[in-house]
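# Analysis of the macromolecular model
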Amino acid sequence: MTQTPDFSGLFDDDINLRGLFDILSPENNLVLADDMMLSDAKGTILRVSESYEKNFGFVHNSIVGRSAFDLEADGTFSPCVTAEVIRQKRKVAATQTINHTHKNVMTVGIPLFDSAGELKFAVCFNTVSMEQINAIQRNYRHLQDSLQQYTQEIAELRTRATSTSLIFKSASMQRLWTLMQNTANTKANILITGETGVGKSAVAKAIHAMSSRTDGPFIEVNCAVLHENLIESELFGYEKGAFTGASSAGKIGKIELANNGTLFLDEIGELPAHIQSKLLQLIQEKTIERLSGNKRIELDFRLLVATNRNLEEAVQRGLFRSDLFYRLNVIRIHIPPLRQRREDILPLAHQFLARFCGEYDKSLTFSPRLLAFLERYDWPGNVRQLENLIERLAITVQDPIVDIGHLPAEYGGATAPSPAREGTLAERMDAYEGQIIRESYRRWGTTVAVAKELGISQATAARKVAKYVK
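Residues numbered from 1 in each chain as written. Predicted model: local features only at pLDDT ≥ 70, side-chain atom pairs only at ≥ 80, totals over all residues. Heavy atoms only, no water.

## Re the overall build of the protein
Counting its secondary structure elements, the protein contains 18 helices and 15 strands. Evaluated residue by residue, the protein yields a buried proportion of 43% over its 470 residues. (Helix = DSSP H or I, 4+ residues; strand = E, 2+ residues; numbered from the N terminus. Buried < 20%, exposed > 50% of the residue type's maximum accessible area, 1.4 Å probe, protein only.)

## Remarks on the confidence of the model for the protein
Across the protein, the average pLDDT comes to 82, with 83% of residues at 70 or higher. Model confidence for the protein, summarised as mean pLDDT per element, is weakest for helix α1 (residues 21-24) at 42 and strongest for strand β7 (residues 190-193) at 97. (pLDDT = per-residue confidence, 0-100.)

## Examining the state of the cysteines
Applying the stated criterion across every chain, the model contains zero disulfides. As a non-bridged cysteine, Cys80 has Cys124 as the owner of its nearest cysteine sulfur, 6.8 Å distant. The buried category is assigned to Cys80, whose relative accessible area is 0%. (Disulfide = S-S within 2.5 Å.)

## A few points about the pattern of salt bridges
Going through the model one piece at a time under the given rule, you end up with 21 salt bridges. In this structure, the salt-bridge partner of Lys278 is Glu232, at a minimum N-O distance of 2.8 Å. Here Lys278, found in helix α10 (residues 273-285), pairs with Glu232, found in helix α8 (residues 231-236); they are 46 residues apart in sequence, far enough to count as distant. The closest approach of N and O atoms between Glu285 and Arg296, which form a salt bridge, is 3.5 Å. Highlighted residues: Glu285 in helix α10 and Arg296 in the loop between β10 (287-288) and β11 (297-298), separated in sequence by 11 residues. (Salt bridge = Lys/Arg side-chain N within 4 Å of Asp/Glu carboxyl O.)

## Description of the sheet that holds strand β12 (residues 302-307)
Strand order in the open sheet formed by five strands is β8-β9-β12-β7-β13, with parallel pairing between adjacent strands. Looking at which strands have only one partner, the edges of the open sheet turn out to be β8 (218-222) and β13 (331-334). On average, adjacent strands in this sheet sit at an angle of 20° to one another, irrespective of strand direction. Where β7 lies against β13, four bridges are found, and the strand directions are parallel. When the sheet's bridge partners are listed, Leu191 is paired in β13 with Arg332. The sheet strands contacting helix α7 (residues 200-210) are β7, β8, β9 (262-266), β12 and β13, and the helix crosses β7 at an angle near 150°. (Pairing = 2+ DSSP bridges. Axes fitted to C-alpha atoms, helices over the stretch in contact; angles between N-to-C directions. Contact = heavy atoms within 4.5 Å.)

## Regarding the nonpolar core
Most often, soluble globular proteins have nonpolar side chains that are buried together. Core analysis: the biggest nonpolar cluster contains 31 residues, and Leu235, Ile255, Leu263, Leu265, Ile268 and Phe320 have the highest contact counts within it. Of all the secondary structure elements, the ones that give two or more residues to this core are β8, α8, β9, α10, β12, α11 (311-316) and α12 (322-328). At five residues, α10 tops the list of elements feeding residues into this core. Of all hydrophobic cores here, the second largest spans 27 residues; its members include Phe352, Cys357, Leu374 and Tyr411. (Core = buried A, V, L, I, M, F, W, Y, C linked by side-chain atoms within 4.5 Å.)

## Concerning the packing of aromatic side chains
Across all of its chains, the model carries eight aromatic pairs by this definition. Between the aromatic rings of Phe218 and Phe264, the centroid separation amounts to 6.1 Å while the plane-to-plane angle is 25°, which identifies the pairing as stacked. With Phe218 in strand β8 and Phe264 in strand β9, this residue pair connects regions lying 46 residues apart in the sequence. Residue Phe218 is classed as partly exposed on the basis of its relative accessible area of 22%. An aromatic cluster of at least three residues, connected via ring pairs, comprises Phe373, Tyr377, Trp379 and Tyr411. When the ring centre of Phe301 is taken as origin, the NZ or CZ atom of Lys286, which lies over that ring, is 4.9 Å away. The lysine or arginine in question, Arg355, covers the ring of Phe356, its NZ or CZ lying 4.7 Å from the ring centre. (Phe/Tyr/Trp six-rings, centres within 6.5 Å; stacked < 30°, edge-to-face > 60°. Lys NZ or Arg CZ within 6 Å of the ring centre and 35° of its normal.)

## Points about unusual backbone geometry
The phi torsion of most residues other than glycine is negative, and most of the peptide bonds are trans. With an omega of -10°, the peptide bond running from Ser78 to Pro79 counts as cis. Inspection of the secondary structure puts Pro79 in the loop between β3 (77-78) and α4 (81-88). Positive phi values are uncommon outside glycine, yet Lys286 reaches one of about 55°. Tracing the sequence through the fold places Lys286 in the loop between α10 and β10. Using a relative accessible area of 26% as the deciding quantity, one classes Lys286 as partly exposed. You will see that Asp361, though not glycine, has its phi angle at about 55°, which is positive. Tracing the chain through its elements places Asp361 in the loop between α13 (345-359) and β14 (365-366).

## Some points on the environment of Val330
Among the structural elements, Val330 can be located in the loop between α12 and β13. C-alpha separation for the pair Val330 and Leu191, spaced 139 residues apart in sequence, amounts to 7.3 Å. Residue contacts for Val330: discarding those within four places in its chain leaves Ala188 and Asn189.

## Quick look at the packing of α13 against helix α14 (residues 368-376)
Angle between the axes and distance between the axes are the two parameters that describe a pair of packed helices. Contact geometry of α13 with α14 gives a least axis separation of 9 Å together with a crossing angle of 125°. On the basis of the axis angle, α13 is oblique to α14. Between α13 and α14 the crossing geometry is right-handed. Within the contact between the two elements, α13 uses Ile345, Leu346, Ala349 and His350 and α14 uses Leu371, Leu374 and Glu375. (Parallel < 35°, antiparallel > 145°, perpendicular 65-115°, else oblique. Left-handed = near helix turned anticlockwise from the far one by under 90°.)

## Re the pairing of strand β5 (residues 103-113)
Remark: a regular strand shows side chains that alternate across the two faces of the sheet. Among the 11 residues in β5, eight count as buried, and that is most of the element. In this sheet, β5 lies alongside strand β4 (residues 92-98) in antiparallel orientation, the contact comprising seven bridges. Note that in β5 the partner of Ala93 across the bridge is Val108.

## Focus: the packing of α14 against helix α16 (residues 425-444)
Interhelical geometry of α14 versus α16 gives an angle of 70° and a closest axis separation of 9 Å. With respect to their mutual orientation, α14 and α16 come out roughly perpendicular. Crossing angle aside, the handedness with which α14 passes α16 is left-handed. Side by side, α14 and α16 meet where Pro368, Arg369, Leu371, Ala372 and Glu375 of the first sit next to Tyr432, Gln435, Ile436, Glu439 and Arg442 of the second. Counted by class, the contact of α14 with α16 contains five nonpolar, one polar and four charged residues. (Nonpolar A, V, L, I, M, F, W, Y, C, P; charged D, E, K, R; others polar.)

Next comes the structure, spelled out in structure tokens:
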């Protein structure tokens, strides 16, 4: 009956393996485990495991009976770990080259002594080849690279999830997001431009949230709504008795409130000329003086400004100081209008619907026809207009499915054309299926998720996405 020995602990330096040679004797009909070779004290090879012969290209029993020292001399093994174990009478670990196959193998050799302390056997284990080690190292480097990439992606997603309500899918907004990340922790002034309603304030808040100033205040000032006679006192503050009707205790201005945080001046193009001059001085010196005050106050804040006007044109017309413009325009972040990034419409619409359903205790979903309409519409008011429409629908619609007929009259209402209302039955069914597939794919972004949502196979989902999603 054959037996396979347990060699656990063979690699411990402090173990004296006296007596273990008894079970290794050839007459015990032992089956050697793994890549193992057994020799006597003189170096004669007694046994070789089948896996050793198979893995390293030896004909069955071709080296049994030969001397380890001869195998070393003729270059079969370089070095021969068995020969080294016999010479040194101690454990030897080395990279052993098996020359006829050109394999480099990590090998551990163990001396086995009898009860009198005489060397009886040498056992060698081939643990792992250098090719395997190299493969492991390559895989490890690949895993490190992947882990770094995933860590960055997770960090980005966590930042977006925890610090901002920005929702986007388009390539243009992805590039904008990267620019925001790269500049969030700098001190450079940022000029945010874009049409009314594109989300300039949301971008400013996101930059603040991503920056090291996130624990500091975020002070937002809409320059267009400040009364011209009060704008200076609102921004810079005043001491008591500064003017008729002023608070007897004085007042801290918006700029001073932003100390150690972020100051966001929206509609910067509406500032009157005399305030532009004071703002330029503030940027240069980072100090202010309250109205009727005589003390300079040092401040530390990050300045973000936004406008929907063409400031370059305003500079040419003499309506905006050129030196202030260049101070503000250190980093330009331009937000494209919604009609130029239609991939973002449906994700935004779904986010708004989920939020307003929660606020108004509703349970609503969009019909494919309505989603197709939302995606085609040009949205002159951009994200703000879309948000307002979804809130209005969430309040007024009583049916579980929000359809195109629920749209207000200014959007065309029930008269809005539907691509599924013309053609044969097959053509209408195909158009309807296309709307469903596009809606699902744009909501989830993967064919696996589409398949799960619609109850179809992933292969079917992939085929239909390829057909309908351009």
